[in-house]
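Close look at the chain arrangement
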Amino acid sequence: MTILAIAMQKGGVGKTTTTLSLGVELGRLGRRVLLVDMDAQSNLTQAVGIDPLTLTQTVYDLLLEPSREIGQVVLTTAYGVDLIPATLGLARAEMVLAGHVGRELLLRRALSGLVEAYDYILIDSPPSLGLLTLNALAAADAVLVPLQSHVFALNAMAHLEETIRLIQQFHPRLHIGGIVMTMVDRRTSVNMAVDQAARQEYGELVYQTVIPFHVKLVEAPAVGQPIQRYAPGSSSAVAYAQLTQEVIARHG
Ligand SMILES: Nc1ncnc2c1ncn2[C@@H]1O[C@H](COP(=O)(O)OP(=O)(O)OP(=O)(O)O)[C@@H](O)[C@H]1O
Ligand SMILES: [Mg+2]
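1. Let's talk about the site of ligand 1
Around ligand 1 there are 20 residues in total, and Gly-11, Lys-15, Thr-16, Thr-17 and Pro-127 lie nearest to it. Here the element with the most residues in the shell around ligand 1 is helix H1 (residues 15–28); it accounts for three residues. Split by residue class, the shell around ligand 1 holds eight nonpolar, 10 polar and two charged.

Printed below as a string of structure tokens:
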């Protein structure tokens, strides 16, 4: 069983898209997959066609009460993966949980009972290095970093590494499992320069597969479908399938 946190504090770099596309592909390959939405924006929840307003139990309830029967909070989706959903209410977590002892370990404790039930747990994190991201990192075996090939991407990477080092003080196994270049337009020289710089700095950690900029990936979440359903065989569906093969080769 592998738990991956998909994290990068920069907003809009493809965290949620990567969590969903990778998760659904792993499911198609027969892996038992659980997705966890740790973002109050609840984009992941909505991207599988679930309306957060209809939910009575979410990841927030788990964080408040990690010993809760987790089965009550896990939803089955139409796309071969399970989901622990989020709503806007999760935004309260940073404040409400601020005084709790071991507040970074709440998700890890909540997920500990699921180790047998899944092959992969993928945790989507919000665009910050706050408590929710810390919980995602502390619960994970490895971090999967989507890197948008823009000018400041590598600065953001340095901040994330600093945060990972903090978590390593009590969770030494945590490491960067891989970096995936997202929204790449091969005609844009900045994109290609950042891609090259990332490979120079992080070597093998950067996946060979790059995710192209593709408008279908903008449209798919609007209709609540993963790319495999919305545009099967499209360049981005193929790219995520290739990325999934690399992830499996690395993590089993
Ligand atoms: N490869 C891509 N090509 C084009 N659009 C993309 C691609 N990947 C993601 N998008 C779109 O870009 C936007 C941001 O992507 P996404 O929501 O996955 O990023 P995020 O890192 O999760 O954002 P946030 O930090 O707000 O959680 C979304 O509208 C998504 O549909
Ligand atoms: Mg997101």
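2. Quick notes on unusual backbone geometry
Phi angles above zero are rare outside glycine, and Ser-42 is one such case at about 50°. By secondary structure assignment, the location of Ser-42 is in the loop between strand S2 (33–37) and helix H2 (43–47). Of the residues examined, Ser-42 has 25 C-beta atoms within 10 Å and is grouped as buried. One non-glycine residue with positive phi stands out, namely Met-183, at about 55°. With respect to the element layout, Met-183 can be found in the loop between strand S7 (175–182) and helix H8 (189–202). Look at Met-183 and you get buried, because 23 C-beta atoms sit within 10 Å.

3. A look at the sheet that holds strand S5 (residues 120–124)
As summarised here, the arrangement of the seven strands in space is S3-S4-S2-S5-S1-S6-S7, forming an open sheet in which the pairing is mixed. A single partner strand is all that each edge strand has here, and the edge strands are strand S3 (75–76) and S7. Taken together, the seven bridges between strand S6 (residues 142–148) and S7 define a ladder with parallel strand orientation. Within the sheet, the bridge partner assigned to Val-145 lies in S7 and is Ile-179. Of the strands in this sheet, strand S1 (2–6), S2, S5, S6 and S7 touch H1, which is tilted by about 165° from S5. Running at roughly 165° to S6, helix H7 (residues 153–168) makes contact with S6 and S7 of the sheet.

4. Observations regarding H7
Taking 1.5 Å as the rise per residue, H7 with 16 residues should run 22 Å; its terminal C-alpha atoms sit 23 Å apart, in good agreement. Every buried residue belonging to H7 is among Ala-153, Met-157, Leu-160, Ile-164 and Ile-167, and all of these are buried. All buried residues of H7 project into a common sector of 70° when viewed along the axis, lining one side. Every exposed residue of H7 that faces more than 90 degrees away from the buried side is listed here: Asn-155, Ala-158, Glu-162 and Arg-165. Against helix H6 (131–139), S6, S7 and H8 lie the buried residues of H7.

Conventions and cut-offs
Residues numbered from 1 in each chain as written. Chains lettered and ligands numbered in written order. Predicted model: local features only at pLDDT ≥ 70, side-chain atom pairs only at ≥ 80, totals over all residues. Near = placed C-beta within 6 Å. Helix = DSSP H or I, 4+ residues; strand = E, 2+ residues; numbered from the N terminus. Nonpolar A, V, L, I, M, F, W, Y, C, P; charged D, E, K, R; others polar. Buried ≥ 20, exposed ≤ 12 C-beta atoms within 10 Å, placed from the backbone. Pairing = 2+ DSSP bridges. Contact = placed C-beta atoms within 7 Å. Axes fitted to C-alpha atoms, helices over the stretch in contact; angles between N-to-C directions. Expected span 1.5 Å × (residues − 1). Arc of directions from axis to C-beta.

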